[in-house]
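Here are the chains, one letter per residue:
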Amino acid sequence: MELTQFTIKQAHQGLVKKDFSALEFTEAFLDKLKQEDKKIHAFLTVTEDLAISQAKRIDNLIAQKKDIPILAGIPCVVKDNILIEGIKCTSASKILENYIASYDATCIKKLKEQGVVFLGKTNLDEFAMGSSCENSAFGPTRNPYDLTRVPGGSSGGSAAAVAANFSVFGLGSDTGGSIRQPCSFCGVVGLKPTYGAVSRYGLIAFASSLDQIGPITKTVEDARIVFDAIKGQDEMDSTSVEMPKIENYKLKIENLRIGVPKEYFTKGMDSEVEKAVKRAIEIYKKMGTKILEISLPHAEYALPCYYIIAPSEASANLARYDGIKYGKTTNDRQQVTGDLIDYYLKVRGEGFGPEVKRRIMLGTYALSAGYYEAYYKKAQKVRTLIQRDFKKAFDKVDIILAPTSPSLPFKLGEKIDDPLSMYLTDIYTVSINLAGIPAISIPCAESNNLPIGIQLIANAFEEDKIFEAALAFEKS
Ligand code: GLN
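Residues numbered from 1 in each chain as written. Predicted model: local features only at pLDDT ≥ 70, side-chain atom pairs only at ≥ 80, totals over all residues. Heavy atoms only, no water.

If you check an unreviewed UniProt entry, the protein chain appears there as Glutamyl-tRNA(Gln) amidotransferase subunit A. Its UniProt record gives the protein chain the following Catalytic activity (unreviewed entry) comment, quoted word for word: "L-glutamyl-tRNA(Gln) + L-glutamine + ATP + H2O = L-glutaminyl-tRNA(Gln) + L-glutamate + ADP + phosphate + H(+)". According to its UniProt record, the protein chain has this under Subunit (unreviewed entry): "Heterotrimer of A, B and C subunits." (UniProt positions renumbered as here; feature names shortened; annotations may be inferred.)

Below you can see the structure in the form of structure tokens.
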């Protein structure tokens, strides 16, 4: 087995037993990504110097016979909308092309304390808006399984990097599916935690009531290790909370009740995806799990509801990019002869890409005086109905099983000119963000060498249930 294929636990054991040093381990990844990322383009910035100094620090600790945490010396890639102090953070937007982060996001601070090695910043759809990584201002990422196809989005760079063994694990953010869908497309594991479980401090905001940071890993066990390291209340994010403690949590897989929403099996689903989901259901049945049909009656409204709420919040969050406080600044200012409005028009006109502009327009419209009640307020009411659907379902079942994406990884260019068909790829993921609950995407099948993922969804703060159910599936 190559070093770059190691899971967190395997790597930790190798480091502790001195089979290899942290520096050798890190260099194996740096060598690989330098050679192979030309064709995939998972990285926007490679932080080689930082990685090497972090790895050397861990080697020193090992030389001093100090006990090291499980994540010490483990390479990680970070979606380029999460801040690492002193490192460029672009959110894949021209408007932040030269922005250097002035502090660490809380999750980065926590991982640094554990001794994680940061290899670089990964590509995404601009400001995390998209499902294919094609909306990046710096060119798309390609799927390691098939270079003519997209890796999914918006955390496509992190998912592709982990799938291509450029890193042991990665961090992504998920507002409407951006961790789970690329993980499904790249055959890796991705967790969207309960809203508030992981601090959003230092995450460039897209839609603040939906955004969550989460792990992208090769195995379920690794996802659990990373989640445990980054979760917890943070005084810098007032929406963050401490996870309630469940003592001695151990799930008997034969006592597990899994619900399958009848509304999810609609005509939009690719037949290969449907086959894969049905196969996953059979695997659980064989383990003795009870499978129940459930109903999420408002499922069909999740997508329109999301595509009102997310752009509304985005239009407010993106107002801060005025070309004065962040990114593009003084040089442009001298080129503009008119007043301040002319300056804003120039900076924002040139700095934002077409999808970001579309979202700002959608959101501004939905929030405008004449339409607020008809769109934004109504969407908020529908959001409550969607939350209630899940609440009711979880009275009857422990876990909900669903496809992650209705389709297999599609070709680059296939959907880019048709925003509606791009939005439709989020049909099974957005409702989870609207409800604020956790979900994992795990690989479950392949079709023509392309991976297919399933989602396991649980009630708020029941990540442990998700991990147990996912581990059992992975083992089988
Ligand atoms: N694809 C969805 C969107 O474009 C979700 C993005 C995300 O989760 N960041 O909004």
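## Things to note about the overall build of the protein chain
The secondary structure content of the protein chain amounts to 16 helices and 11 strands. Against the compact-globule benchmark of 23 Å for 476 residues, the protein chain has a radius of gyration of 22 Å, which places it among compact chains. For the C-alpha atoms alone, the extent of the protein chain along its principal axes is close to 70 × 60 × 45 Å. Looking at the protein chain as a whole, 59% of its 476 residues qualify as buried. Long-range pairs, those at least 24 residues apart, make up 76% of the contacts in the protein chain between residues at least 6 apart in sequence. Summing over all exposed atoms, the protein chain offers an accessible surface of approximately 19,200 Å²; the carbon and sulfur share of this is 51%. Side chains of the protein chain give 59 positive and 59 negative charges; the mean places of these two sets differ by 3 Å. (Helix = DSSP H or I, 4+ residues; strand = E, 2+ residues; numbered from the N terminus. Rg over C-alpha atoms; globule rule 2.2 N^0.38 Å. Buried < 20%, exposed > 50% of the residue type's maximum accessible area, 1.4 Å probe, protein only. Contact = heavy atoms within 4.5 Å. Areas by Shrake-Rupley, 256 points an atom, 1.4 Å probe, with all protein chains shown as cover. Lys, Arg positive; Asp, Glu negative; His and termini not counted. Charge placed at Lys NZ, Arg CZ, Asp CG, Glu CD.)

## Some remarks on the site of the ligand
Around the ligand, the surrounding shell holds 15 residues, and the nearest of these are Thr175, Gly176, Ser178, Tyr306 and Arg359. Here a nitrogen atom of the ligand sits 2.8 Å away from a polar atom, N or O, in the main chain of Ala128. Separating an oxygen atom of the ligand from a side-chain N or O atom of Tyr307 is a distance of 3.3 Å. Protein coverage of the free-state accessible area of the ligand, which is 290 Å², stands at 100%. More than half of the atoms of the ligand fall within 2 Å of the grid points belonging to the largest cavity. For the shell around the ligand, the residue count by class is 5 nonpolar, 7 polar and 3 charged. (Near = heavy atom within 4 Å. Polar contact = N/O pair within 3.5 Å; in protein donor to acceptor, adjacent residues only side chain to side chain. 1 Å grid on protein atoms, 1.4 Å probe; cavity = no way out; pocket = protein on both sides within 12 Å on 5 of 7 lines; lining within 4 Å. Sits in = over half its atoms within 2 Å of the grid points. Nonpolar A, V, L, I, M, F, W, Y, C, P; charged D, E, K, R; others polar.)

## Regarding the side chain of Ser131
Among the structural elements, Ser131 can be located in the loop between strand S3 (117-122) and helix H5 (156-163). A polar atom in the side chain of Ser131 sits 3.0 Å from the side chain of Asp426. Dropping the residues within four chain positions of it, Ser131 is found in contact with Asp125, Gly152, Gly153, Gln181, Phe410, Met422, Thr425 and Asp426.

## As for empty space enclosed by the protein
All told, the structure shown has 3 cavities of 30 Å³ or more when counted by the stated rule. Every residue lining the largest cavity is counted, 15 residues in all, and those nearest its centre are Ala128, Gly130, Ser178, Tyr306 and Asp426. A class-by-class count of the residues in the lining of the largest cavity yields 5 nonpolar, 8 polar and 2 charged. When its volume is computed, the second largest cavity comes out at roughly 40 Å³. Ser184, Phe185, Val273, Ser405, Ser407, Leu408, Pro409, Pro451, Ile452 and Gly453 together form the lining of the second largest cavity. Only helix H6 (180-186) and strand S11 (450-457) provide two or more residues apiece to the lining of the second largest cavity. (Points joined across faces, edges and corners; volume = space filled by probe spheres on them.)

## Thoughts on the nonpolar core
Ranked by internal contacts, the top residues of the largest apolar core, which has 149 residues, are Leu111, Phe127, Phe169, Leu171, Phe390 and Leu456. Of the residues forming this core, the biggest block, 9 residues, is contributed by helix H9 (residues 302-317). The contact partners of Phe127, leaving out residues within four places of it in the chain, are Ser91, Ser93, Ile95, Leu96, Ile204, Phe206, Leu318, Tyr321, Phe352 and Val356. (Core = buried A, V, L, I, M, F, W, Y, C linked by side-chain atoms within 4.5 Å.)

## Focus: the packing of helix H8 (residues 271-286) against helix H16 (residues 463-475)
One way to put it is that H8 packs onto H16 with a least axis distance of 10 Å and a crossing angle of 95°. Compared by their axis directions, H8 and H16 come out roughly perpendicular. Across the interface between the two elements, Ala280, Ile283 and Tyr284 from H8 touch Ala469, Ala470 and Phe473 from H16. For the contact of H8 with H16, the residue count by class is 6 nonpolar, no polar and no charged. (Axes fitted to C-alpha atoms, helices over the stretch in contact; angles between N-to-C directions. Parallel < 35°, antiparallel > 145°, perpendicular 65-115°, else oblique.)

## Some points on the side chain of Thr219
Within the element layout of this structure, Thr219 appears in the loop between strand S6 (212-217) and helix H7 (220-230). Owing to a relative accessible area of 17%, Thr219 belongs among the buried residues under this scheme. Within the structure, the side chain of Thr219 is placed 3.1 Å from the backbone nitrogen of Asp222, a separation counted as a polar contact. If sequence neighbours within four positions are ignored, Thr219 has contacts with Thr7, Val189 and Glu474.

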